[in-house]
Amino acid sequence: MVPHWKGITNMNTMIARGLPALFGALLLAACSTPEFKQPDIAAVPAFKEAQAPATRTAPDGTTWKIGQPAEAQARGEWWRVFHDPSLDALVLEAAANNQSLTVAAARVKQARAIAGIAESDRIPQVGVDVGAQRTRLSPLEALQAPGTPVTPGNSYSARLSASYEVDLFGRVSANVAAARLDTGAVEATWRSVLLSLQADVAQTYFRLRALDAELATVERTVRLREESVRVTGRRFDLGDIGEFDLARARTELATSRAEAIGLQRQRTTAEHALAVLLGKPASIFTAPASPLEDASSLPLIPAGLPSSLLERRPDIASAQRTMEAANARIGVARSAMFPALSIGANGGGVADTFGDVFKWSSRSWLLGAALSMPLIDGGRNRNNVARSEAALDEAVGAYRQSVLTAFAEVEDNLAGLRILAGQSFETEQALVSARRSSDLAQKLYDAGRGTYLELLDAQRNQAAVERSAVQLRGDRAVTTVALIRALGGGWDGTAVDRAADGMAQASR
């Protein structure tokens, strides 16, 4: 008998020593959340378009230099670089009333609440219950002979209960981390919606002003055509010219009026779009006419901006947080494959009268712990881990795509501003020549040395160049806003100073 008990004792000793080792091995194997590794992206130190020469050469051999950057503005109020009080007021009004921004803000509240729910698993859950019941047992349940009358009884109870899940393998902490990162992603999305709203308001505002300027140009052409019809009609009545010139003058007048009506339709559509951005019914909103006269008030974006400024973009920040949250959820999925330890306790009183419930003699209590672990689940947990890993791969791909898209947007708008600057310069030169040509054609026609077709051709050319110049002004304003949006809503003073120093050295 002694050897038998000794063997049992040795076995118990081995188990007692082996269990902690086994438990430790399980704990190490269940480091559920993998270390997050930032995915590699093709980063460049500077944008390609930002390295373009500071000067351009015109066909006539003259050169001009791109102006110095505007002074740095706070990132949150980037639109103030345009120094336009009307734009300032519109952006603030849109931020206060736009419904898309309201939806994004509500999603932030939801995400924060979900994070709070996840946080609640970190602390014990405590509850209280008070109850009363009246019960009549059967004779068998009351351990009485069949047919024995059993008197119904009353019972009252008051209990305090507590439960807590020990975070052995990181399920709770991983879930909390994922919820926090989700909140960060949603907050970044809200900032992205805000930036997009501000940029949409600014771009729509400048499109509206460009249409006002273009409409003013066409209306001047209409007045010129009306005067031409009046003069041509008088000369026709005097017999100086034939009916052909009068018919052509009336045709040009009707055509110009039709163009003005078409521009009014475009302006109305832009005005309605601005009303929606401001959170107002289109029926009660009217934007006053404010032609965009020139591009001198437009800020000049620093040419030497580093590509690291893309880190300021809220959409990239959102993709980053989403990627990190997906990584944390791998930990949640892995922890389901390991034991879960729950601790519970409750205590209170039970008596046949409510007054006796809280007496010391009526006390009752329970304390317990449960360790549970899945054995056969048909591959559910394994597939859940695979799904979480695939979700991380998806988030990494989305992040990389966001970065690539951001680089492309900045390069597109830098190139657009560079090309539009050159195009505007050439258009201004063409406008000077077109006005001179139209003036000479008018004088030749008045002197009888030129035909009416030559005069119309010169006037049409002048009107076309004037409209092109106005459209380019609007395009430059809209593209400037697009570039600021692509950079994440502005730049900091250090980047501007560094870019200005580099341009100053290049000009020496």
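Each value, and the rule that gives it
- Residues numbered from 1 in each chain as written.
- Predicted model: local features only at pLDDT ≥ 70, side-chain atom pairs only at ≥ 80, totals over all residues.
- Heavy atoms only, no water.
- Helix = DSSP H or I, 4+ residues; strand = E, 2+ residues; numbered from the N terminus.
- Buried < 20%, exposed > 50% of the residue type's maximum accessible area, 1.4 Å probe, protein only.
- Contact = heavy atoms within 4.5 Å.
- Areas by Shrake-Rupley, 256 points an atom, 1.4 Å probe, with all protein chains shown as cover.
- Core = buried A, V, L, I, M, F, W, Y, C linked by side-chain atoms within 4.5 Å.
- pLDDT = per-residue confidence, 0-100.
- Phe/Tyr/Trp six-rings, centres within 6.5 Å; stacked < 30°, edge-to-face > 60°.
- Pairing = 2+ DSSP bridges.
- Axes fitted to C-alpha atoms, helices over the stretch in contact; angles between N-to-C directions.
- Salt bridge = Lys/Arg side-chain N within 4 Å of Asp/Glu carboxyl O.

Undergrad: Quick question: what am I supposed to make of the overall build of the chain here?
TA: Looking only at helices and strands, the chain has nine helices and six strands in total. Counting only residues that meet the buried cut, the chain has 36% of its 508 residues in that class. Here the analysis covers contacts within the chain between residues at least 6 apart in sequence; of these, 82% occur between residues at least 24 apart. For the chain, the accessible surface area stands at approximately 28900 Å², while carbon and sulfur atoms represent 58% of it.

Undergrad: Hey, could you run me through unusual backbone geometry in this one?
TA: Glycine aside, the phi torsion of most residues is negative, and most peptide linkages are trans. One non-glycine residue, His 83, lies in the positive phi region at around 50°. Along the chain, His 83 turns up in the loop between strand S2 (63-65) and helix H2 (85-97).

Undergrad: When you look at the nonpolar core in this model, what are you seeing that I'm missing?
TA: Soluble globular proteins tend to pack their nonpolar side chains together in the buried interior. If you look at the biggest cluster of nonpolar residues, it comprises 68 residues, and the most contacted ones within it are Trp 78, Phe 82, Leu 87, Val 201, Phe 206 and Val 410. Residue assignment for this core shows that the elements contributing at least two residues are H2, helix H4 (171-238), helix H5 (243-277), helix H6 (314-335), helix H7 (380-446) and helix H8 (452-486). For this core, the element with the highest residue contribution is H4, accounting for 14 residues. Counting five residues, the second largest nonpolar core, distinct from the first, contains Ala 115, Ala 118, Val 172 and Val 176.

Undergrad: What am I meant to see in the confidence of the model for the chain here?
TA: Keep in mind that low pLDDT regions are not for reading the predicted coordinates in detail. Taken over all residues, the pLDDT of the chain has a mean of 81, while the share at 70 or more is 82%. Taken element by element, the chain is modelled with least confidence in S2, mean pLDDT 35, and with most confidence in H2, mean pLDDT 93. Within the model, the stretch residues 18-23 combines pLDDT values under 50 with two contacts to residues more than four positions away or in other chains. When the criterion is pLDDT under 50, residues 25-30 qualifies, and its contacts beyond four places in sequence or with other chains add up to seven contacts.

Undergrad: Help me understand the packing of aromatic side chains in this model?
TA: In this description, a pair of aromatic rings is defined by centroid distance and the angle of the planes. As enumerated under the stated definition, the model contains six aromatic pairs in all. Relative to Phe 338, the ring of Phe 169 lies with its centre 5.3 Å away and its plane at 35°, an arrangement referred to as tilted. Taken together, the residues Phe 169 in the loop between strand S4 (153-166) and H4 and Phe 338 in the loop between H6 and strand S5 (340-351) connect sequence positions 169 residues apart. For Phe 169, a relative accessible area of 5% translates into the label buried. An angle of 85° between the planes, with centres 5.9 Å apart, marks the rings of Phe 354 and Phe 358 as edge-to-face. Its relative accessible area of 62% is what places Phe 358 among the exposed residues. Aromatic rings pair up to connect Phe 82, Tyr 205 and Phe 206 into one cluster.

Undergrad: Sorry if this is basic, but what is going on with the sheet that holds S5 here?
TA: For sheets, the rule is that strands pair by backbone hydrogen bonds, running either parallel or antiparallel. Spatially, four strands are ordered S3-S4-S5-S6 in an open sheet, and the strand pairing comes out antiparallel. Only two strands of the sheet have a single neighbouring strand rather than two, namely strand S3 (125-135) and strand S6 (363-372). Strand-to-strand, the axes of this sheet are offset by a mean angle of 20°, without reference to chain direction. Bridge analysis of S4 against S5 gives 11 bridges, and the strand direction is antiparallel. Looking at S5, one finds that Arg 159 is bridged to Gly 348.

Undergrad: What am I meant to see in the side chain of Glu 214 here?
TA: Here Glu 214 is to be found in helix H4. Non-local contacts of Glu 214, meaning those with residues more than four positions away in its chain, are made with Leu 263, Arg 467, Val 470 and Gln 471.

Undergrad: In this structure, what is going on with the environment of Ala 369? I would like to understand it.
TA: Tracing the sequence through the fold places Ala 369 in strand S6. Residues Ala 369 and Ile 343, spaced 26 residues apart in sequence, show a C-alpha to C-alpha distance of 4.4 Å. When near neighbours in sequence (up to four residues on either side) are disregarded, Ala 369 contacts Leu 341, Ser 342 and Ile 343.

Undergrad: How do you make sense of the pattern of salt bridges when you look at a structure like this?
TA: Side-chain pairs of opposite charge can arise where the charged atoms are in close proximity. Scanning all chains against the criterion turns up 24 salt bridges. For Arg 329, the salt bridge identified is with Asp 182, shortest N-O distance 2.3 Å. Placement of the pair is Arg 329 in helix H6 and Asp 182 in helix H4, with a sequence separation of 147 residues. What makes Arg 329 partly exposed here is its relative accessible area of 35%.

Undergrad: Help me understand the environment of Ala 464 in this model?
TA: Following the sequence through the fold, Ala 464 ends up in helix H8. Between the C-alpha atom of Ala 464 and that of Val 218, which follows or precedes it by 246 residues, the distance is 9.4 Å.

Undergrad: Even after reading the chapter, I still don't get the side chain of Ser 192, so can you show me in this structure?
TA: You can see Ser 192 is positioned in helix H4. When residues no more than four places from it in sequence are discounted, the contact partners of Ser 192 are Pro 314 and Asp 315.

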